[in-house]
Structures are given as C-alpha cells and as structure tokens.
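Fold and geometry: a report
Chain residues, written in single-letter form:
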Amino acid sequence: QVQLVESGGGLVQPGGSLRLSCAASTSIFNFNVLGWYRQAPGKQRELVATIRKIGSSIYADSVQGRFTISRDNFKNAVYLQMNSLEPDDTAMYYCNGDYRSTTVWGQGTQVTVSS
C-alpha cells in the first residue's frame, strides 16, 4: 500500500525553526498534488501548503512568508520549512497526497511552539 510518513516535529521556542519531512513509499510523480495540513486541539484540520508536479505552490494566509514547501523527486519526499514559528503554529502536522483518485494521509508529527 502507498504510505506517507512524516518526521521532524518537536518542541521549539517562538521565533525558532523546524523542517518537517514526508517520505512516500512510491515515486512522488504518482501524486498530482502533495501537501501539509495541521490540526490543533479543538480546531478543524486546515491546509498549510500544497505543491504540484510543476512546482507551483499555495499557502495558508497564516503561514505565508514564514513556511516553504518543497519536494525532492529522487528522494520521494516533500518538506515543509517552518521559520519564525509562533505558539499558534502548535498542532499535529499531516502529510497529504492524491494518488489515483485516493487521498493518502500520514500518521502525523507533533509540533509544539512554546517558551
């Protein structure tokens, strides 16, 4: 089965940085779109960023200018560089991709921003 596995989460102080990784079990060319979502306790899951094969990307207004999504086709991985982290960024972050009309989700990695 196709799987997405996130890593890189952890505890960081406000203003700090983290880089999340999402490893796919198959070529990421099989995914038309790959992205990151997040969900904080008591809140709905929200889009963070997405990237297409051609490299075009979109970002949530709340992370625009602070986060950058990228991909490595040879490593079959998608990354989320997070800078200038804020307490409101605290959430479980999930990797996501559309594969043959099926939405695939990773298990999530926790990001906690606290002083």
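Details of the structure are given in the entry above.
Below is a summary of the structure that appears in this document. For clarity, every value in this text was computed on a predicted model and none was experimentally measured.

**Some remarks on unusual backbone geometry**
A positive phi angle, close to 45°, is found at arginine 100, a residue other than glycine. On the secondary structure map, arginine 100 appears in the loop between strand S9 (91-99) and strand S10 (102-105). Phi is positive for serine 101, close to 65°, though the residue is something other than glycine. Within the secondary structure layout, serine 101 lies in the loop between S9 and S10.

**Structural notes on the sheet that holds strand S7 (residues 67-72)**
Strand order in the open sheet formed by four strands is S1-S3-S8-S7, with antiparallel pairing between adjacent strands. Each having just a single partner strand, strand S1 (4-7) and S7 make up the two edges of the open sheet. Strand-to-strand twist in this sheet, taken as the mean axis angle between neighbours without regard to direction, amounts to 15°. Where strand S3 (residues 18-24) and strand S8 (residues 77-82) come together, six bridges link them in antiparallel fashion. Each bridged residue has a counterpart across the sheet, and for leucine 18 the counterpart in S8 is methionine 82.

**Here's the deal with the packing of aromatic side chains**
Summed over the entire model, instances satisfying the criterion amount to three aromatic pairs. An angle of 85° between the planes, with centres 6.3 Å apart, marks the rings of tyrosine 94 and tryptophan 105 as edge-to-face. With tyrosine 94 in strand S9 and tryptophan 105 in strand S10, this pair connects stretches of sequence that are eleven residues apart. Residue classification places tyrosine 94 among the buried positions, given a relative accessible area of 14%. Taken together, the ring pairs in this structure connect Tyr37, Tyr94 and Trp105 into an aromatic cluster. Taking NZ or CZ as reference, arginine 19 lies 4.0 Å from the ring centre of tyrosine 79, over its face. In this structure, arginine 45 is placed above the aromatic ring of tryptophan 105, and the distance from its NZ or CZ to the ring centre is 4.5 Å.

**Description of the pattern of salt bridges**
Evaluation of the coordinates by the stated rule reveals four salt bridges. Notably, a salt bridge pairs arginine 66 with glutamate 86, separated by 3.9 Å at the nearest N-O pair. In this pair, arginine 66 is assigned in the loop between strand S6 (57-59) and S7 and glutamate 86 in the loop between S8 and S9, connecting sequence segments 20 residues apart. Among the ionic pairs, aspartate 89 bridges to arginine 66, the shortest N-O distance being 2.8 Å. Of this pair, aspartate 89 sits in the loop between S8 and S9 while arginine 66 sits in the loop between S6 and S7, placing them 23 residues apart in sequence. Given the relative accessible area of 12%, arginine 66 is considered buried. Salt bridges sharing partners connect three or more residues here, namely Arg38, Glu46, Arg66, Glu86 and Asp89.

Reading the values: rules and limits
- Residues numbered from 1 in each chain as written.
- Predicted model: local features only at pLDDT ≥ 70, side-chain atom pairs only at ≥ 80, totals over all residues.
- Heavy atoms only, no water.
- Helix = DSSP H or I, 4+ residues; strand = E, 2+ residues; numbered from the N terminus.
- Pairing = 2+ DSSP bridges.
- Axes fitted to C-alpha atoms, helices over the stretch in contact; angles between N-to-C directions.
- Phe/Tyr/Trp six-rings, centres within 6.5 Å; stacked < 30°, edge-to-face > 60°.
- Buried < 20%, exposed > 50% of the residue type's maximum accessible area, 1.4 Å probe, protein only.
- Lys NZ or Arg CZ within 6 Å of the ring centre and 35° of its normal.
- Salt bridge = Lys/Arg side-chain N within 4 Å of Asp/Glu carboxyl O.

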